Amino acid sequence: GQMGGGIAQVCAAAGFQTITHDLFLTRDNPKVGIGAIRSRLERQVGQGKLDQSAMNATLANLSDTTRLEDLAGCDLVIEAVIERLEDKAVVFRTLDQACPAHTILATNTSSISITEIAKETKRRDRVIGTHFFNPPPVMPIVEIVQGLETSDETLANAKDFVSRIGKRSIFSKDRAGFIVNYLLIPYLLDAMRMYENGWAAREDIDDGMKYGCGLPMGPLVLSDFIGLDTIYYIALVLLEEFREPKYAPPPLLKRMVLAGRHGRKSGKGFYEY
Ligand code: CAA
């Protein structure tokens, strides 16, 4: 997906041998996987922002596979599948079987408990949250989340890794949504409620926050950018943990997700793309 590809690009650009895993091999599709990474790098080379040699070096560090077992040689695996525990659990159980004892299994979850994900493995001390922001090649920060049983050594390794890919770490306890989504998601859900209740036009809600508060994107544009399915699942995790109505997905969001209007990646969300 959009996060996995971006994270792989960042790792490969930093000099790490990187294997991307996807359900389908996507290297020839310019919109996903290694194909999307190549397209982005070619654009940057075309704009004179990146050397051809740097692009070649990044691509040389990348390979792809459809088999999770092919990740058995990795020291670190970063999972970035859909934000649903049952899907992540399958990945972690498989990786736990396939990877040697020293491999750190990290998750890019936006909200799900690291302790709960680690429970799926026999290496609870070597499971950690490394939460990137969209788009990973651009956003300079990674949120590191230590589960109840994550060791200090794993934490130190994760911190070192984040600095070696040129990003800064922030640290959160294992609480639903961690730092950023605990604050961001209720704001996005409120903007959706405003729109759903006919309080204001979508463009005015977005322009209000973009130009009134100096943000790069208004809340409905940002929601489409993140993915409405992702926001819906994060909201459910927050609601389950904190039981406060402000985390409840608005009815319109649920309907849009059911209808496959997942935002920019599906061509339609609050706006059309
Ligand atoms: N992948 C890689 N690079 C991308 C990209 C993508 N999908 N989209 C844009 N970029 C790069 C461009 O190549 C460009 O790079 P250069 O400066 O080297 O040319 C740079 O980003 C700026 O892009 P643009 O000039 O095209 O557009 P912009 O100035 O409008 O910036 C943006 C685009 C960086 C996405 C900016 O609008 C922004 O910061 N938006 C807010 C994003 C945000 O809030 N992200 C966090 C979401 S929350 C989250 O991710 C956590 C979660 O769990 C839900």
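Figured I'd write up the structure that's included with this text. Here the structure is a predicted model, which means the values were calculated and not measured.

**Things to note about the sheet that holds strand E4 (residues 104-107)**
Then step 1. Pairing in this open sheet of 5 strands is mixed, and the strands run E3-E4-E5-E6-E7 from one edge to the other. Edge positions in the sheet fall to strand E3 (76-79) and strand E7 (168-172), since each of these pairs with one other strand and no more. The mean angle between the axes of side-by-side strands here comes to 30 degrees, regardless of whether they run parallel or antiparallel.
Then step 2. Bridge count between E3 and E4: 4 bridges; the pairing is parallel. Note that in E4 the partner of Ile-78 across the bridge is Ala-106.
Then step 3. Where helix H4 (residues 85-98) meets the sheet, its contacts fall on E3, E4 and strand E5 (127-131), and the angle it forms with E4 comes to roughly 170 degrees.

**Quick look at the packing of helix H8 (residues 202-213) against helix H9 (residues 219-226)**
Then step 1. The geometry of H8 relative to H9 is characterised by a closest axis approach of 7 Å and an angle of 95 degrees between their N-to-C directions. Judged by the angle between their axes, H8 and H9 are roughly perpendicular. In contact with Arg-202, Ile-205, Asp-206 and Met-209 of H8, H9 contributes Pro-219, Leu-220 and Val-221.
Then step 2. Class assignment of the residues belonging to the contact of H8 with H9 gives a composition of 5 nonpolar, no polar and 2 charged.

**Concerning the packing of aromatic side chains**
Two numbers describe a pair of aromatic rings. These are the distance of the centres and the angle of the planes.
Then step 1. Under the definition given, this model contains 6 aromatic pairs.
Then step 2. Each ring, one from Phe-16 and one from Phe-161, has its centre 5.7 Å from the other, and the planes form 55 degrees; the classification is tilted. Here the residue Phe-16 occupies a position in the loop between helix H1 (2-13) and strand E1 (18-21), and Phe-161 occupies one in helix H6 (residues 152-164), the gap between them amounting to 145 residues.
Then step 3. A residue is classified by how much of its surface remains accessible, and Phe-16, at 24% relative accessible area, is partly exposed.
Then step 4. Measuring from ring centre to ring centre gives 5.7 Å for Phe-242 and Tyr-247, while their planes differ by 40 degrees; the resulting arrangement is tilted.
Then step 5. Residue class for Tyr-247 comes out buried when judged on its relative accessible area of 0%.
Then step 6. Through a chain of ring-to-ring contacts, three or more aromatic side chains come together here, namely Tyr-182, Phe-242 and Tyr-247.

**A few points about the pattern of salt bridges**
Opposite charge on two side chains permits pairing when their charged atoms draw close.
Then step 1. Under the defined criterion, the tally for this structure stands at 16 salt bridges.
Then step 2. For the salt bridge of Lys-246 with Glu-244, the shortest nitrogen-to-oxygen distance reads 3.9 Å.
Then step 3. When its relative accessible area of 38% is taken as the criterion, Lys-246 is described as partly exposed.
Then step 4. Between Lys-268 and Glu-272 there is a salt bridge; the shortest N-O distance is 3.7 Å.
Then step 5. Sharing partners across several salt bridges, the network here consists of Glu-79, Glu-83 and Lys-88.

Calculation criteria
Residues numbered from 1 in each chain as written. Predicted model: local features only at pLDDT ≥ 70, side-chain atom pairs only at ≥ 80, totals over all residues. Heavy atoms only, no water. Pairing = 2+ DSSP bridges. Helix = DSSP H or I, 4+ residues; strand = E, 2+ residues; numbered from the N terminus. Axes fitted to C-alpha atoms, helices over the stretch in contact; angles between N-to-C directions. Contact = heavy atoms within 4.5 Å. Parallel < 35°, antiparallel > 145°, perpendicular 65-115°, else oblique. Nonpolar A, V, L, I, M, F, W, Y, C, P; charged D, E, K, R; others polar. Phe/Tyr/Trp six-rings, centres within 6.5 Å; stacked < 30°, edge-to-face > 60°. Buried < 20%, exposed > 50% of the residue type's maximum accessible area, 1.4 Å probe, protein only. Salt bridge = Lys/Arg side-chain N within 4 Å of Asp/Glu carboxyl O.

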